[in-house]
Amino acid sequence: MKAVDWDERAERPDSRLHQYRRTANGLRLTGKSSWSAAFAEAVGLRRGEDREWPEGSEWFVGDTLYRSVTLRRKDAITDTGEWQPVWKAMESLAAPYGDDNVRLVVWFDD
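It should be emphasised that the depicted structure is a prediction, and the values quoted were computed from it without experimental measurement. (Residues numbered from 1 in each chain as written. Predicted model: local features only at pLDDT ≥ 70, side-chain atom pairs only at ≥ 80, totals over all residues. Heavy atoms only, no water.)

Draft legend 1. Local environment of the nonpolar core. Formed by Leu-17, Phe-39, Ala-40, Leu-45, Trp-53, Val-61 and Tyr-66, the largest nonpolar core amounts to 7 residues. Within the second largest apolar cluster, 5 residues are counted, among which are Trp-83, Trp-87, Ala-94 and Val-102. (Core = buried A, V, L, I, M, F, W, Y, C linked by side-chain atoms within 4.5 Å. Buried < 20%, exposed > 50% of the residue type's maximum accessible area, 1.4 Å probe, protein only.)

Quick look at the structure:
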């Protein structure tokens, strides 16, 4: 985990458009959208149609900005997020056994 390049970008933009709202302090990320009827209508998408948008593409629909963003590894798994207990456990194990003797194996089931 220490050797991972956390700034490495994904091969293509996130399939979920990032949604932002205008605030007094500028734009604020409010979430990611896998489907938005308002956005689909604004850009002429049919329900279930899948499109890849170029990095940086933006659309204002009402008071929501939709933006195509390419994620970096650190955007998906943050130091302070839900993986924090895992990082701490790995550090605790590495202290007595060494970095080369600690492995993280994960399995995701949908």
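Draft legend 2. The arrangement of helix H3 (residues 84–97) in detail. The first and last C-alpha atoms of H3 sit 20 Å apart over 14 residues, in line with the 20 Å expected at 1.5 Å per residue. Burial in H3 covers these residues: Trp-87, Met-90 and Ala-94. Around the axis of H3, the buried residues are gathered within 65 degrees of arc, so they sit on the same side. Every exposed residue of H3 that faces more than 90 degrees away from the buried side is listed here: Pro-85, Ser-92, Ala-95 and Pro-96. (Helix = DSSP H or I, 4+ residues; strand = E, 2+ residues; numbered from the N terminus. Expected span 1.5 Å × (residues − 1). Arc of directions from axis to C-beta.)

Draft legend 3. Layout of the layout of surface pockets. One number sums up the size of the largest pocket: a volume of about 440 Å³. Forming the boundary of the largest pocket are 16 residues, of which Met-1, Lys-2, Trp-87, Met-90 and Glu-91 lie nearest the centre. The dominant element in the lining of the largest pocket, judged by the number of residues it contributes, is H3, at 4 residues. By residue class, the composition of the lining of the largest pocket is 9 nonpolar, 1 polar and 6 charged. Put simply, the second largest pocket is a space of about 190 Å³. Taken together, 14 residues make up the lining of the second largest pocket; nearest its centre are Ser-15, Ser-33, Ser-34, Trp-35 and Trp-53. Partitioning the lining of the second largest pocket into residue classes produces 6 nonpolar, 4 polar and 4 charged. (1 Å grid on protein atoms, 1.4 Å probe; cavity = no way out; pocket = protein on both sides within 12 Å on 5 of 7 lines; lining within 4 Å. Points joined across faces, edges and corners; volume = space filled by probe spheres on them. Nonpolar A, V, L, I, M, F, W, Y, C, P; charged D, E, K, R; others polar.)

Draft legend 4. The pattern of salt bridges, seen in detail. Within the structure shown, the criterion is met by 13 salt bridges. Its salt-bridge partner being Arg-51, residue Glu-49 comes within 3.2 Å of it at the nearest N-O pair. Given the relative accessible area of 25%, Glu-49 is considered partly exposed. For Asp-75, the salt bridge goes to Arg-72, with nearest N and O atoms at 3.3 Å. Residue classification places Asp-75 among the partly exposed residues on the basis of a relative accessible area of 34%. Through salt bridges that share partners, Asp-7, Arg-72, Lys-74 and Asp-75 make up one connected network. (Salt bridge = Lys/Arg side-chain N within 4 Å of Asp/Glu carboxyl O.)

Such coordinate-based values are descriptive only and should not be taken to indicate function.
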